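Structural characterization, general
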Amino acid sequence: MELWNSTLGSGFILMGILKDSGSPELLCATVTALYIVALTSNGLLLLVITVDARLHVPMYLLLGQLSLMDLLFTTVVSPKALVDFLRQENTISFGGCALQMFLALTLGGAEDLLLAFMAYDRYVAICHPLNYMVLMRPRICWLMVATSWILASLSALGHTVYTLHFPFCLSREIRHLLCEIPPLLKLACVDTSKYELMVYVTGVTFLLLPLSIIVASYILILFTVLHMSSNEGRQKALVTCSSHLAVVGMFFGAATFMYVLPSSFHSPEQDNIISVFYTIITPALNPLIYSLRNKEVMGALRRVLGKYNLLTPSTL
């Protein structure tokens, strides 16, 4: 079989989801709208958490990092897909593919770990409230954030370099929304079964360890909530935890389908739908899930917007 030279001068063709859909213009408008919602909602949440001193607590520090990851994640994918559709040009350079893969894996892995740390934060807040500011002091919070970013980036770097070291076939078409490991391995002209097994093992490890922390945290939280004498405290705890569980369900469900299920369960169409879900839809929904039912966030948002409205006339 003829090989094509997979060097920095070569490139791939991202088939994406827009061109082959039944209503590409409608889908393009939908993706654009979701991207705008993701930019606006995550940007506002980051602004509010940064500006309002009342939200300078561990829970909102971690939530701000989640918004940052979602904002970057959707930006790695959505603009490229939209520009390609409008220009009718789906090519991506070898270096661009490597960068997109590295950033997507880093952001996905960091969010995976951060969700586990957020579950631990809720466990400490609800089960050990008197020790909360000791167990979740700023140094520990920033250590959690740094751990998420560093471990995810190291894992992403290893997978990106190893995936792209394979020789690829003459066909350069990636039948996927972005450069990602499973669709790229389908283009390899050599046996990749051992590496696919390694991807599977690392994927299961990266998903199941944080998921086990989340499940254990919420089992302990549930026992504590059931023994609460205050209905108001019980309801507040359930509202906060339900938002986090909704985000966890969306993220881990999509990631499990993509990286844990065997390749025989995958098809290009299903993979594209899943990739749209966790790179475009989820980043738009996450800040809405966390903020709309959170009185502290909504109150802070009103204060910040009110402050800027008051400042605007004086600056004109």
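Residues numbered from 1 in each chain as written. Predicted model: local features only at pLDDT ≥ 70, side-chain atom pairs only at ≥ 80, totals over all residues. Heavy atoms only, no water.

In the annotation of an unreviewed UniProt entry, the chain is listed under the name Olfactory receptor 2AG2 and assigned to Echinops telfairi. Check the Subcellular location (unreviewed entry) section of the UniProt entry for the chain; it says "Cell membrane". (UniProt positions renumbered as here; feature names shortened; annotations may be inferred.)

A short note on the state of the cysteines
Simply put, disulfide is the name for a covalent bond between the sulfur atoms of two cysteines. Scanning the model with the defined rule gives one disulfide in all. Through a disulfide, C97 is tied to C179; the S-S separation comes to 2.1 Å. Torsion about the S-S bond of the C97 and C179 cystine: about -125 degrees, corresponding to left-handed handedness. Of this pair, C97 sits in helix α3 (residues 94-127) while C179 sits in the loop between β5 (173-174) and α6 (181-185), placing them 82 residues apart in sequence. Just as C97 is buried, C179 falls in that class too. Here C141 is not disulfide-linked; the sulfur of C241 is the nearest cysteine sulfur, at 17 Å. Since its relative accessible area comes to 1%, C141 is described here as buried. In this model C241 remains outside any disulfide bridge; the closest cysteine sulfur is found in C127, 8.8 Å from its own. Judged by relative accessible area, which is 5%, C241 ranks as buried. (Disulfide = S-S within 2.5 Å. Helix = DSSP H or I, 4+ residues; strand = E, 2+ residues; numbered from the N terminus. Buried < 20%, exposed > 50% of the residue type's maximum accessible area, 1.4 Å probe, protein only.)

Some remarks on the layout of surface pockets
As a volume, the largest pocket reaches approximately 670 Å³. Looking at the largest pocket, it is lined by 22 residues, and the ones nearest its centre are K236, A237, T240, N294 and E296. Mapped onto the lining of the largest pocket, the elements with two or more residues apiece are α2 (58-87), α3, α8 (231-259) and α10 (295-315). Considering every element that reaches the lining of the largest pocket, the biggest residue donor is α8, with eight residues. (1 Å grid on protein atoms, 1.4 Å probe; cavity = no way out; pocket = protein on both sides within 12 Å on 5 of 7 lines; lining within 4 Å. Points joined across faces, edges and corners; volume = space filled by probe spheres on them.)

A word on the confidence of the model for the chain
Mean pLDDT over the chain stands at 84; residues scoring 70 or higher make up 90%. Model confidence for the chain, summarised as mean pLDDT per element, is weakest for strand β1 (residues 3-4) at 48 and strongest for helix α5 (residues 138-163) at 95. Confidence over residues 1-5 falls short of pLDDT 50; this stretch has 16 contacts with residues more than four positions distant or in other chains. (pLDDT = per-residue confidence, 0-100. Contact = heavy atoms within 4.5 Å.)

Points about the pairing of strand β2 (residues 11-14)
Direction of pairing for β2 relative to strand β3 (residues 91-93): antiparallel, over a ladder of three bridges. Each residue of the ladder has a partner; that of I13, found in β3, is T91. (Pairing = 2+ DSSP bridges.)

Some thoughts on the sheet that holds β2
Pairing between sheet strands relies on hydrogen bonds along the backbone, with the strands arranged either parallel or antiparallel. Overall, mixed pairing links the three strands, which are arranged β3-β2-β5 in an open sheet. A single partner strand is all that each edge strand has here, and the edge strands are β3 and β5. Inspection of the sheet shows β2 paired to β5 by two bridges, in the parallel sense. From the neighbouring strand, I13 faces β5, where its bridge partner is E173. Strands β2, β3 and β5 of the sheet are contacted by α3, whose axis makes an angle of about 85 degrees with β3. (Axes fitted to C-alpha atoms, helices over the stretch in contact; angles between N-to-C directions.)

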